[in-house]
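Given next are the chains, with one letter for each unit.
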Amino acid sequence: MSFVLYEVENSVATITLNLPSKLNPIARDLQHELRDALARVNADKGVRAVVLTGAGKAFCVGADLSAMNAPEEGKTLGDQTAEWMQSLSNPIISGLRQLAVPVVCAVNGPAAGAGVGLALAGDVVLAARSAYFYLSFLPKLGIVPDLGCTWFLPRLVGPARALGMALLDERLSAEKAAQWGLIWACVDDDLLLLEAQKTAERLAQLPAHAILEARKAFAASERHTLEEQLHYESERQRELLMKPSFREGVNAFLQKRAAVFEGR
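Remember, predicted model here, so these are calculated numbers, not experimental data. (Residues numbered from 1 in each chain as written. Predicted model: local features only at pLDDT ≥ 70, side-chain atom pairs only at ≥ 80, totals over all residues. Heavy atoms only, no water.)

A. Highlighting the sheet that holds strand 4 (residues 103-107). Spatially, the six strands line up as an open sheet ordered 1-2-3-4-6-9, and their pairing is mixed. Among the strands making up the open sheet, the edge pair consists of strand 1 (4-9) and strand 9 (185-187). Strand-to-strand twist in this sheet, taken as the mean axis angle between neighbours without regard to direction, amounts to 20°. Bridging between strand 4 and strand 6 (residues 124-128) involves four bridges; their strand directions are parallel. When the sheet's bridge partners are listed, Val-104 is paired in strand 6 with Val-124. (Pairing = 2+ DSSP bridges. Helix = DSSP H or I, 4+ residues; strand = E, 2+ residues; numbered from the N terminus. Axes fitted to C-alpha atoms, helices over the stretch in contact; angles between N-to-C directions.)

Laid out in structure tokens, this is it:
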């Protein structure tokens with residue numbers, strides 16, 4: 001059985017978490033296969049965008065608590081878990097944020113626990129109307145939100161709402177998530193994968209370096225003053241205006257046609 005499904009159509013790789021009987025927890029085998037899928041994307045220059053989704057009724061419900069094994073001899077459960085996170089789980093989130101192509105997360109059902117961090121690692125997040133986001137860490141287990149939740153949430157919805165989500169033991173509906181700016185859009189359940197594919201195909205038409213530049217620019221803005229960011233922008237234009245994609249964009253505008261950018 002494959003714990004992660006992988007297929008490519010129209011330059012879009014669809015990666016599907018495939019443990020539907022357990023609501024797609026981030027089991028170790030699934031994480032290994034997900035890491036391998038991301039490596040396939042980076043290696044395949046024909047892939048220009050990714051859709052990440054879950055099989056069945058859920059996107060991802062986080063850790064599989066029922067499968068937690070006794071720690072290895074000489075280690076505490078905390079030691080072992082932290083080591084697994086640092087060697088396997090955390091690099092998956094970093095890998096998504098550093099992927100050479102845009103990532104559309106299609107949240108088809110509950111995103112709970114670490115599944116919230118996995119969903120928010122996407123560049124564009126769409127959620128089915130029946131989906132929700134739920135942080136069970138502190139209210140249910142007394143542990144902190146992980147897989148990037150404490151980094152993504154305050155940046156997306158602000159510290160007050162992020163802290164409320166972490167403490168109040170409430171599900172955040174997809175509709176409210178869209179209203180809060182946590183995700184790009186909430187769509188009808190039966191249209192989710194279609195909309196995700198369409199969105200990914202649109203992103204696949206971007207200049208090959210667009211997503212990397214966008215991530216870096218917005219990340220830089222978080223540590224810069226306005227004056228520093230203005231300087232950053234002008235320095236990036238110094239380089240980017242010399243790329244073929246800029247010439248193609250200008251020519252397409254003048255010729256009143258759609259621009260066609262080279263792949264990566």
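B. The arrangement of the environment of Ala-70 in detail. By the element assignment, Ala-70 lies in the loop between strand 3 (49-54) and helix 2 (77-98). The exposure class of Ala-70 is exposed, given its relative accessible area of 65%. Taking the C-alpha atoms as reference points, Ala-70 and Gln-80, ten residues apart in sequence, are found 9.3 Å from one another. (Buried < 20%, exposed > 50% of the residue type's maximum accessible area, 1.4 Å probe, protein only.)

C. Region of interest: the sheet that holds strand 5 (residues 111-112). Spatially, three strands are ordered 5-7-8 in an open sheet, and the strand pairing comes out mixed. A strand with exactly one partner marks an edge of an open sheet, and here the two such strands are strand 5 and strand 8 (172-173). When strand 5 meets strand 7 (residues 132-134), the two strands line up parallel, connected through two bridges. Within strand 7, the residue paired with Ala-112 across the bridge is Tyr-134.

Keep in mind these numbers describe shape, not what the thing actually does.
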